[in-house]
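Read off the chains here:
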Amino acid sequence: MLLRGQNLLGYRHYADDVVRAFVLRAADHGMDVFRIFDALNDLRNLRTAIEATQEAGKHAQGTICYTTSPVHSTAGFVAQGRELAAMGCASIAIKDMAGLLTPTATEALVKGLLDAVALPVHLHSHATSGLAEMCQLKAIEAGCRHIDTAISSFAGGTSHPPTESMVAALRGTAHDTGLDLERLQNIAAYFREVRKKYRQFESDYTGVDTRVQVNQVPGGMISNLANQLREQNALERMDAVFAEIPRVRADLGYPPLVTPTSQIVGTQAALNVLTGQRYQSVTNEVKRYLQGGYGQPPAAINAEVRVRAVGNAEFIEGRPADLLEPELDQLRTDIGDLAGNAEDVLSYAMFPEIGRQFLQARRDGKLEPEALIAPVAINLDTAEAQTRAPTEFNITLHGETYHVKVTGSGHKGQPERHFYLDLDGVPEEVLVETLDELVLSGGAEGGDCHHHRRPASAPHGAGPCRHFHAGQHRCGAGEGGRGGRRRAAGAGHRSHENGDRDSGAHCRYRDAGAGAQGRCGQSQRDPGGDRPRLRFFPTPSVAEYPAAALPAGREHPRQRGRRRRARGWRGTCAGEHFQLTQ
């Protein structure tokens, strides 16, 4: 079990009684090895967890969080290894959470530790920078006894090196693992299918990213930053945040970027970039850090930043947990009868909000598994076409050309999905609600499609569909509505040849004479003719859309487009572009 020292599984320091209770219950439930680390490499924060592990008769693995900075060195890490051995640890782990180790540095560190302590050394390295396999091989050759790997279907990038690759690399050498490579292939194949079940939780930032050697951002931290920036409609500022992270880290005394300090530094860097002024807004976690609430930083903190954030507040020189009163009894009281045992109390302690929600739902009989998106079968002949999609466009509308770049989106399969765009350089957010789906059988390059309308929540075959054959036609009327797109004679909006313009159809249109645009509601047949009669609902005028911060004399693209369309397009469905829905 990976244990964050006095933080356990959370983001704050817990009182000693909670730490001891947690380790005891985990040991009773079968946990044998506890890998214990502190985000600042402040070994005072490991003491209670190590003692509790020893009292439970389990293996306490003292951990060094590897990083690089002007104040970190191989000699310093070796000295830390000696202290961990003196605290009674049964082994030493090198935790390279960001993939910063190089093969040369790995060899030097492993040899230094083995010369200093008579304990096994374990290497934990992420493959983010693309160097992990080389580092593991050099570590083994230097005397490392254990390495962390992942089965190939879950390996690489921000994960660990593939198990099969390292087994193959060591086969026939003095370090042969003895593992059966063919059986490992079967395991990989099984979990490759399992992974597909959870594809909705995949991140865009799981591959190799050599920038980590510059910004030192671990993979999990990258995903968190992407989510934070996406929520602020500022995903395009990711590179600026990456550049700010090393500066914030230096201000805070070069903490290793591992939970929780990675989140502390990353969130503050994002705030500095988004507000446009460094430390104009400071998070509570940074304030606590600047007061010594997480322990002793590796180097001196920027005095100006500290005063700006917390004034002359006293700095905690001792172990932060020494200032905490026992809290287990209070936690039992707070959660009350929702907790049925000690494990429930500890779950609430680790995750107060989510823990309470879980325990409440369990008591009320409302626990349900999170819905998973069903896997989609892929035709191997068209797999490449189906998995490729454009992300940057030039779109011409009413003579105006717009440059649109898709910078991010919400999870696929959601009925309402957020898309984040740069529209002529201006960040925009749109919400797209899925009404129909196009089911391709010939790939994305204009093959045949199944001709039926299928709402996002409905099964296949649930009525006619709106679909498009590349270079041919657009279909969207009744079940027999199949034909080329053209203007019906005398009609005030675009129709479909042989299409059924029934009473359920509606479209967007403009009343140019009134100088306003609108959306028609439910259309009805005109008793005196075959044209639909449209009910008009006004939408906001141009003046009601505030302009974004733009260079002098430049018009917001949204305003520009609306003003253009406000002139002369009478009785059409948004000019040449329209949408018919059933």
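Heads up: these notes are all about the structure in this document. Computed from a predicted structure; not experimentally measured.

## Digging into the overall build of the protein
So, step 1. Within the protein one finds 18 helices and 19 strands.
So, step 2. Expressed as a percentage of its 582 residues, the buried residues of the protein come to 43%.
So, step 3. Counting only contacts in the protein whose residues sit at least 6 apart along the sequence, the fraction spanning at least 24 positions is 57%.

## Concerning the pairing of strand S10 (residues 426-433)
So, step 1. With 8 bridges joining them, strand S9 (residues 416-423) and S10 adopt antiparallel strand pairing. Considered in S10, the bridge of Glu416 is made with Glu433.
So, step 2. Where S9 folds back on S10, the antiparallel hairpin that results is connected by 2 residues, among which Asp424 adopts a positive phi of roughly 50 degrees.

## Some details on the sheet that holds S9
For sheets, the rule is that strands pair by backbone hydrogen bonds, running either parallel or antiparallel.
So, step 1. In spatial order, the strands read S7-S8-S9-S10; together these 4 strands make up an open sheet with antiparallel pairing. At either margin of the open sheet sits one strand with a lone partner, and together these are strand S7 (392-397) and S10. Each strand axis lies, on average, 35 degrees off the axis of its neighbour in the sheet, ignoring direction.
So, step 2. In this sheet, S9 lies alongside strand S8 (residues 400-409) in antiparallel orientation, the contact comprising 5 bridges. From the neighbouring strand, Gly408 faces S9, where its bridge partner is Tyr420.

## Structural notes on the nonpolar core
So, step 1. One finds Leu3, Leu8, Val18, Ile36, Tyr66, Ile94 and Leu113 to be the most contacted residues of the largest nonpolar core, which totals 53 residues.
So, step 2. A per-element tally of this core places helix H1 (residues 16-28) first, with 7 residues.
So, step 3. Beyond its immediate chain neighbours, meaning those up to four positions away, Leu8 contacts Leu3, Tyr14, Val18, Val19, Phe22 and Met350.

## Some words on the sheet that holds strand S3 (residues 59-65)
So, step 1. What the 6 strands build is an open sheet, ordered S1-S2-S3-S4-S5-S6; its pairing is parallel. Two strands close off the open sheet at either side, each with one partner strand: strand S1 (2-3) and strand S6 (146-147).
So, step 2. Bridge analysis of S1 against strand S2 (residues 33-36) gives 2 bridges, and the strand direction is parallel. In the sheet register, Leu2 faces S2, and the bridge partner there is Arg35.

## A few points about a nonpolar patch on the surface
So, step 1. There is a patch of nonpolar side chains on the surface, built from Phe154, Ile187, Tyr190 and Phe191 and spanning about 370 Å² of accessible area.
So, step 2. Along the chain, Ile187 turns up in helix H7 (residues 181-197).
So, step 3. A relative accessible area of 37% means that Ile187 is categorised as partly exposed.

## Some points on unusual backbone geometry
So, step 1. Cis geometry marks the peptide bond from Thr259 to Pro260; its omega dihedral reads 5 degrees.
So, step 2. Looking at where Pro260 falls in the secondary structure, it is placed in the loop between helix H10 (238-251) and helix H11 (261-275).
So, step 3. Positive phi, close to 55 degrees, is recorded for Asn41, a residue that is not glycine.
So, step 4. As for its placement among the helices and strands, Asn41 is situated in the loop between S2 and helix H2 (47-55).
So, step 5. One non-glycine residue, Tyr254, adopts positive backbone phi at about 55 degrees.
So, step 6. By relative accessible area, which is 23% here, Tyr254 ends up partly exposed.

## Considerations on the packing of aromatic side chains
Two descriptors summarise a pair of aromatic rings, namely the distance from one centre to the other and the angle between the planes of the rings.
So, step 1. Per the counting criterion, the structure on display carries 3 aromatic pairs.
So, step 2. Ring centres of Phe154 and Phe191 lie 6.0 Å apart, and the angle between their planes is 70 degrees; on these two criteria the pair is classed as edge-to-face. One end of the pair, Phe154, is in the loop between S6 and helix H6 (163-170); the other, Phe191, is in helix H7, and 37 residues separate them in sequence.
So, step 3. For Phe191, a relative accessible area of 31% corresponds to the partly exposed category.
So, step 4. Three or more aromatic residues joined by ring pairs form one cluster here, namely Phe154, Tyr190 and Phe191.
So, step 5. The ring of Tyr11 is capped by Arg4, whose NZ or CZ atom sits 5.3 Å from the centre of that ring.
So, step 6. Against the face of Phe37 rests Lys95, its NZ or CZ located 5.2 Å from the ring centre.

## Remarks on the pattern of salt bridges
So, step 1. Under the criterion given, the structure shown has 23 salt bridges.
So, step 2. Across the pair Arg319 and Asp16 runs a salt bridge whose closest N-O atoms are separated by 2.8 Å. Remark: Asp16 occurs in helix H1 and Arg319 occurs in the loop between helix H13 (303-310) and helix H14 (328-335); sequence separation between them is 303 residues.
So, step 3. On the basis of relative accessible area, Asp16 is assigned to the partly exposed category, the value being 24%.

## Considerations on the environment of Ala250
So, step 1. By the element assignment, Ala250 lies in helix H10.
So, step 2. Put simply, Ala250 and Ala300 are 50 residues apart on the chain and 9.1 Å apart in space, counted from C-alpha to C-alpha.

## With respect to the side chain of Ser91
So, step 1. With respect to the helices and strands, the residue Ser91 is situated in strand S4 (residues 91-96).
So, step 2. Engagement of the side chain of Ser91 in a polar contact is seen with the side chain of His59, the distance being 2.7 Å.
So, step 3. Within the structure, Ser91 has its side chain in polar contact with the side chain of Gln61 (distance 3.0 Å).
So, step 4. Excluding anything up to four places from it in sequence, Ser91 contacts His59, Ala60, Gln61, Gly62, Leu119 and Pro120.

## Quick notes on the pairing of S7
Regular strands have side chains that alternate between both faces of the sheet.
So, step 1. Of the pairings in the sheet, the one linking S7 to S8 comprises 6 bridges and is antiparallel in character. Each residue of the ladder has a partner; that of Glu392, found in S8, is Lys405.
So, step 2. Between S7 and S8, which pair antiparallel and follow one another directly, the connecting turn spans 2 residues, one of which, His398, has a positive phi of 55 degrees.

## With respect to the environment of Arg82
So, step 1. Looking at the element boundaries, Arg82 is found in helix H3 (residues 74-86).
So, step 2. Distance in space between the C-alpha atoms of Arg82 and Ile92 is 9.6 Å, their sequence separation being 10 residues.
So, step 3. Leave out the neighbours within four places in its chain, and Arg82 touches Ala116 and Val117.

## Re helix H15 (residues 342-350)
So, step 1. Every buried residue belonging to H15 is among Asp344, Val345, Leu346, Tyr348, Ala349 and Met350, and all of these are buried.
So, step 2. Looking at the buried side of H15, the elements it contacts are H1, H14 and helix H16 (352-363).
So, step 3. Regarding H15, its N-cap is Asn341, as a side-chain oxygen of that residue lies 3.2 Å from the backbone nitrogen of Glu343 further along.

## Observations regarding the packing of H14 against H15
So, step 1. For the pair H14 and H15, interaxial distance at closest approach is 10 Å and the crossing angle is 95 degrees. Judged by the angle between their axes, H14 and H15 are roughly perpendicular. On the side of H14, the interface is formed by Leu328, Leu331, Arg332, Asp334 and Ile335, while H15 contributes Val345, Leu346, Tyr348 and Ala349.
So, step 2. Considering only residue class, the contact of H14 with H15 consists of 7 nonpolar, no polar and 2 charged.

Definitions and cut-offs
Residues numbered from 1 in each chain as written. Predicted model: local features only at pLDDT ≥ 70, side-chain atom pairs only at ≥ 80, totals over all residues. Heavy atoms only, no water. Helix = DSSP H or I, 4+ residues; strand = E, 2+ residues; numbered from the N terminus. Buried < 20%, exposed > 50% of the residue type's maximum accessible area, 1.4 Å probe, protein only. Contact = heavy atoms within 4.5 Å. Pairing = 2+ DSSP bridges. Axes fitted to C-alpha atoms, helices over the stretch in contact; angles between N-to-C directions. Core = buried A, V, L, I, M, F, W, Y, C linked by side-chain atoms within 4.5 Å. Patch = residues over 30% accessible without salt bridge, like charges linked within 9 Å, V, L, I, M, F, W, Y side chains within 5 Å. Areas by Shrake-Rupley, 256 points an atom, 1.4 Å probe, with all protein chains shown as cover. Salt bridge = Lys/Arg side-chain N within 4 Å of Asp/Glu carboxyl O. Phe/Tyr/Trp six-rings, centres within 6.5 Å; stacked < 30°, edge-to-face > 60°. Lys NZ or Arg CZ within 6 Å of the ring centre and 35° of its normal. Polar contact = N/O pair within 3.5 Å; in protein donor to acceptor, adjacent residues only side chain to side chain. Parallel < 35°, antiparallel > 145°, perpendicular 65-115°, else oblique. Nonpolar A, V, L, I, M, F, W, Y, C, P; charged D, E, K, R; others polar.

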